[in-house]
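Here are the chains, one letter per residue:
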Amino acid sequence: MKLIWKFNLVLLGIFLLGFAISGYVSYNVLQANAREEVVQNARLMMEAALASRNYTNTQIKPLLDTQLKYVFLPQTVPAYAATEQFNDLRKTHQDYAYKEATLNPTNPRDRASDWEADVVQIFRQTPGTTELVGERDTPTGRSLYLARPIQIKNGACLVCHSTVEAAPKTMLDQYGGANGFGWKLNEIIGSQIVSVPMTVPVARASATFRTFMLSLAAVFAATFVLLNVMLHTIVIRRVTKLASIADQVSLGNLEAGEFRTKSKDEIGVLTDALGRMKTSLVQALKMLEE
Amino acid sequence: MKAAFFCLTIWLALSMAPAEAADAGTVTIVEGRARVLRDLTWYKLAPGARIREGDIIEAMDAAQVQTELATGGSLNLGGPGALYAAALPLAGDKPAGPLEFALPAGWLKLAANAAPAGIRVQSGPAMVSVVEAIVVFRAQTDAIGFFVESGGAKLVETGPAGKGAAPVEARAGEYWSQAADRPLRSEPRAPAAFVAAMPRQLLDPLPVLAPRYKSAKVQLVAEQEISFAEAEPWLAGPYRKVFLKRLTPRLRDREFRAAVEARIARYPEWDPILHPEKYQPKVPVEPK
């Protein structure tokens, strides 16, 4: 097997191995980063929803307390405020969602769906759990959800949610007395769930991965070609010429050619050495003839 | 000369002190057309104006007038309506009894903070007394409806149908209504029609603005004297005696006098003034 083939085989092997390892590592890192980015987005949205709840509870509701005695204003309910704020966001980002999924809600739109009820049940069964992150398939693609439990920590919540008799009459006028009652202090009654689409960040990660791998392949190919050209020019061609002259000289053809070079590299040194050897050989043969 | 000037200064200072303390309340919000009847003259109302006992505040159309009392509490009158300050002590005076207002028509939000005497509102066939409470009234001809926002109120029927009836306790969150043709009744919440018709500003707590006008000196601008048509509802109402006495000087006015003359049967109290000759002792006619 020729030297160039051996060299190319080893080089190709190294390139392929490097390509595979780089591809595997970079794909996983990019996908993990994309997921982490989605989780961070979801957390940010969850915090925004919590901020909206807090603002409503501490600043809006006190201003409207008097009006609540006349007519129930859902705008004073923190859950309603957070949901409405998110609904406004959804006008431009349809795949994002926020829901205060509740097992027994006052407002029917907050009722937990099957998978949301499962999430709530996990929180109820493992009281120490403060956050759940998961993925699910939706009609618009894969979606990541981040969930946090809704626990009744403030006794003031029970004014509206303990019994029908204790609830404000204006609230009953709006929602009736069938749902949203019987809540207990410290009970986990639902879950705040933020859903963020994974399609876009995953597609972005895949595009980044493709670009990276194509670039890597291009670099490998260029390196491969360049190394071959250099190997051929600097080594193979000169060694072949040396071998040819040496072969002719070894067969007694002392006129086969001169070992000449201006190069000072290893092959140049070898050429000079072979030249001196040929000169020595010619002189030795002349001395023998004399 | 110096002594005389000093005495004059002291006298002026002393004479002005009661004038400063003579306010019973301050008008802090005037939106829309509103006026006040003081003695016999209507004055245009402006924020910062002082209110006294006997004043009648009138809010036209959808105007609102808020008055903050010197003794504590606020009243926001929503038009079209009128509010008569029947008993309103001056700032610094010890109230002899409850403060009293009459609301013949219009909307009124009363935020009472007048312990221990309290405030009472005469409206239609009922008198509502409160001490520390917030109540919103709607007075119409011979009908009253009120919602107790907070605290409690005591309702006494003053119409012929309710004579001798025991006072009724109205609790926070309850709506009470009474009309001449309908008995007193309560509901556990404010009815939708009441809330829908209610002026928007009454849905919120009444703002406290009196400190802004503490040093304001607003000169009321006189408009015109009270006409008979404007006076007639008051002369026919529960404060008839007070108004008959108060409006007597208006009998000097030709038009007012003529209007009374045309209905003299309704005002027999004024007949001796209009026709004194009828009430002079008869001089016995000596037989010729």
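Note that the structure is a prediction, hence the values are computed from the model and not measured.

Visitor: I keep staring at the pattern of salt bridges and nothing clicks. Help me out?
Guide: Opposite charge on two side chains makes pairing possible when the charged atoms of those side chains draw close. As enumerated under the stated definition, the model contains 28 salt bridges over all chains in all. A:Arg53 is the salt-bridge partner of A:Glu100, the closest N and O atoms lying 2.4 Å from each other. Placement of A:Glu100 in strand E1 (residues 97-102) and of A:Arg53 in helix H1 (residues 3-68) is noted, with a sequence separation of 47 residues between them. On the accessibility criterion, A:Glu100 (3% relative accessible area) is buried. In this structure, B:Asp253 engages B:Arg250 in a salt bridge whose closest nitrogen and oxygen atoms are separated by 3.8 Å. You can call B:Asp253 partly exposed: its relative accessible area is 28%. Here the residues in one salt-bridge network are A:Arg35, A:Glu135, A:Asp137 and A:Arg142, joined through shared partners.

Visitor: How should I be thinking about unusual backbone geometry in this particular structure?
Guide: Glycine aside, residues mostly have negative phi, and peptide bonds are mostly found in the trans state. Residue and element names in this part refer to chain B. Residue glycine 79 is joined to proline 80 through a cis peptide bond whose omega torsion reads -5 degrees. Phi at aspartate 39 is positive, roughly 55 degrees, even though this residue is not glycine. In this structure, aspartate 39 sits in the loop between strand E2 (34-38) and strand E3 (41-44). For aspartate 39, a relative accessible area of 56% puts it in the exposed group.

Visitor: Sorry, what's going on with the layout of surface pockets here?
Guide: Residues and elements named next belong to chain B. Within this model, the second largest pocket holds a volume of roughly 790 Å³. Lining the second largest pocket are 34 residues, with Pro104, Gly124, Asp142, Gly237 and Pro238 sitting closest to its centre. Sorting the residues of the lining of the second largest pocket by element identifies strand E8 (99-113), strand E9 (119-123), strand E15 (175-179), strand E16 (182-187) and helix H3 (228-235) as the ones contributing at least two each. Each residue belonging to the lining of the second largest pocket can be placed in one class, and the counts come to 18 nonpolar, 10 polar and 6 charged.

Visitor: Got a minute to help me understand empty space enclosed by the protein in this structure?
Guide: Unoccupied space between atoms shows up once a probe the size of one water molecule is rolled over them. All names here are of chain B. All chains considered together, the criterion is met by 1 cavity of 30 Å³ or more. Around the largest cavity, the lining residues are Ile51, Ile57, Thr67, Leu69, Leu83, Ala85, Leu88 and Phe101. Every element with two or more residues in the lining of the largest cavity is listed here: strand E6 (64-69) and strand E7 (73-87). Of the residues in the lining of the largest cavity, the class split is 7 nonpolar, 1 polar and no charged.

Visitor: Looking at this structure, how should I read the sheet that holds strand E3 (residues 141-151) of chain A?
Guide: Note on sheets: strands pair through backbone hydrogen bonds, and any given pair is parallel or antiparallel. Residue and element names in this part refer to chain A. Across the sheet, which stays open at both edges, the 4 strands sit in the order E1-E4-E3-E2 with antiparallel pairing between neighbours. The sheet is open, and its two borders are formed by E1 and strand E2 (132-138), each paired with just one other strand. Adjacent strand axes in the sheet meet at a mean angle of 30 degrees, parallel and antiparallel pairs treated alike. In terms of strand pairing, E2 meets E3 through 7 bridges, oriented antiparallel. Of the residues in E3, the one forming a bridge with glutamate 135 is leucine 144. Where H1 meets the sheet, its contacts fall on E1, E2, E3 and strand E4 (188-197), and the angle it forms with E3 comes to roughly 40 degrees.

Visitor: Any chance you could explain the environment of A:Thr233 here in plain terms?
Guide: Residues and elements named next belong to chain A. For threonine 233, the position within the fold is in helix H6 (residues 199-250). Here threonine 233 falls in the partly exposed class, since its relative accessible area comes to 33%. At 2.6 Å, the side chain of threonine 233 forms a polar contact with the backbone oxygen of valine 229.

Visitor: Quick question: what am I supposed to make of the side chain of B:Arg50 here?
Guide: Residue and element names in this part refer to chain B. Along the chain, the position of arginine 50 falls in strand E4 (residues 50-51). Look at arginine 50 and you get buried, because its relative accessible area is 16%. Within polar-contact distance, the side chain of arginine 50 engages the backbone oxygen of lysine 214 at 3.0 Å. Aside from chain neighbours lying at most four places away, what touches arginine 50 is Asp23, Gly25, Thr26, Arg38, Asp55, Tyr213, Lys214 and Ala216.

Visitor: Mind showing me how you'd approach the packing of aromatic side chains here?
Guide: Enumeration according to the criterion identifies 19 aromatic pairs over all chains in this entry. Between B:Tyr84 and B:Tyr239, the ring centres sit 5.2 Å apart and the planes meet at 75 degrees, which makes this aromatic pair edge-to-face. With B:Tyr84 in strand E7 and B:Tyr239 in the loop between H3 and helix H4 (240-247), the pair connects residues that are 155 residues apart, well separated along the chain. B:Tyr239 matches B:Tyr84 in its accessibility class, with the two residues each being buried. A network of ring pairs unites the aromatic residues A:Phe15, A:Phe19, A:Phe220 and A:Phe224 as a single cluster. The ring of B:Trp42 carries B:Arg35 above its face, with NZ or CZ at 3.8 Å from the centroid.

Visitor: In this structure, what is going on with the interface of chain B and chain A? I would like to understand it.
Guide: Interfaces are often described in size by the accessible area the parts lose on coming together. Taken together, the contact pairs 16 residues of chain B with 8 residues of chain A. Summed over the shared surface of chain B and chain A, the result is 1 salt bridge. Two residues, B:Arg189 and A:Asp173, come together in a salt bridge whose shortest N-O distance is 2.1 Å. Those elements that place two or more of their residues in the side of chain B that touches chain A are strand E12 (143-150) and helix H2 (192-197) of chain B. Looking at the side of chain B that touches chain A, the element that brings in the most residues is E12(B), giving 3 residues. Each residue belonging to the side of chain B that touches chain A can be placed in one class, and the counts come to 10 nonpolar, 1 polar and 5 charged.

Visitor: Looking at this model, I keep getting lost on the pairing of E12(B). Mind explaining?
Guide: Remark: a regular strand shows side chains that alternate across the two faces of the sheet. All names here are of chain B. Along E12, 7 of the 8 residues are buried, which leaves the element largely enclosed by surrounding structure. Of the strand pairs in this sheet, strand E11 (residues 132-140) and E12 are connected by 7 bridges, and their pairing is antiparallel. Across the sheet, residue valine 136 finds its bridge partner in E12, namely phenylalanine 147. Where E11 folds back on E12, the antiparallel hairpin that results is connected by 2 residues, among which aspartate 142 adopts a positive phi of roughly 60 degrees. Across 5 bridges, the pairing between E12 and E15 is antiparallel. Bridging across to E15, phenylalanine 146 finds its partner in tryptophan 176.

Visitor: Teacher, can you tell me more about the confidence of the model for chain B here?
Guide: Note that predicted coordinates carrying low pLDDT should not be read in detail. All names here are of chain B. Chain-level pLDDT for chain B is 87 on average; 89% of the residues reach the 70-or-more range. A low-confidence stretch, residues 4-21 stays under pLDDT 50, and its non-local contacts, those more than four residues away or across chains, total 3 contacts. The ipTM for the predicted assembly is 0.72, set against a pTM of 0.71.

Visitor: Help me out: how do you make sense of the environment of A:Leu270 in this one?
Guide: Residue and element names in this part refer to chain A. Mapping leucine 270 onto the fold places it in helix H7 (residues 266-289). Overall, leucine 270 belongs to the partly exposed group, its relative accessible area being 43%. Between the C-alpha atoms of leucine 270 and phenylalanine 259, which are 11 residues apart in sequence, the distance is 9.2 Å.

Parameters and conventions
- Residues numbered from 1 in each chain as written.
- Chains lettered and ligands numbered in written order.
- Predicted model: local features only at pLDDT ≥ 70, side-chain atom pairs only at ≥ 80, totals over all residues.
- Heavy atoms only, no water.
- Salt bridge = Lys/Arg side-chain N within 4 Å of Asp/Glu carboxyl O.
- Helix = DSSP H or I, 4+ residues; strand = E, 2+ residues; numbered from the N terminus.
- Buried < 20%, exposed > 50% of the residue type's maximum accessible area, 1.4 Å probe, protein only.
- 1 Å grid on protein atoms, 1.4 Å probe; cavity = no way out; pocket = protein on both sides within 12 Å on 5 of 7 lines; lining within 4 Å.
- Points joined across faces, edges and corners; volume = space filled by probe spheres on them.
- Nonpolar A, V, L, I, M, F, W, Y, C, P; charged D, E, K, R; others polar.
- Pairing = 2+ DSSP bridges.
- Axes fitted to C-alpha atoms, helices over the stretch in contact; angles between N-to-C directions.
- Contact = heavy atoms within 4.5 Å.
- Polar contact = N/O pair within 3.5 Å; in protein donor to acceptor, adjacent residues only side chain to side chain.
- Phe/Tyr/Trp six-rings, centres within 6.5 Å; stacked < 30°, edge-to-face > 60°.
- Lys NZ or Arg CZ within 6 Å of the ring centre and 35° of its normal.
- pLDDT = per-residue confidence, 0-100.

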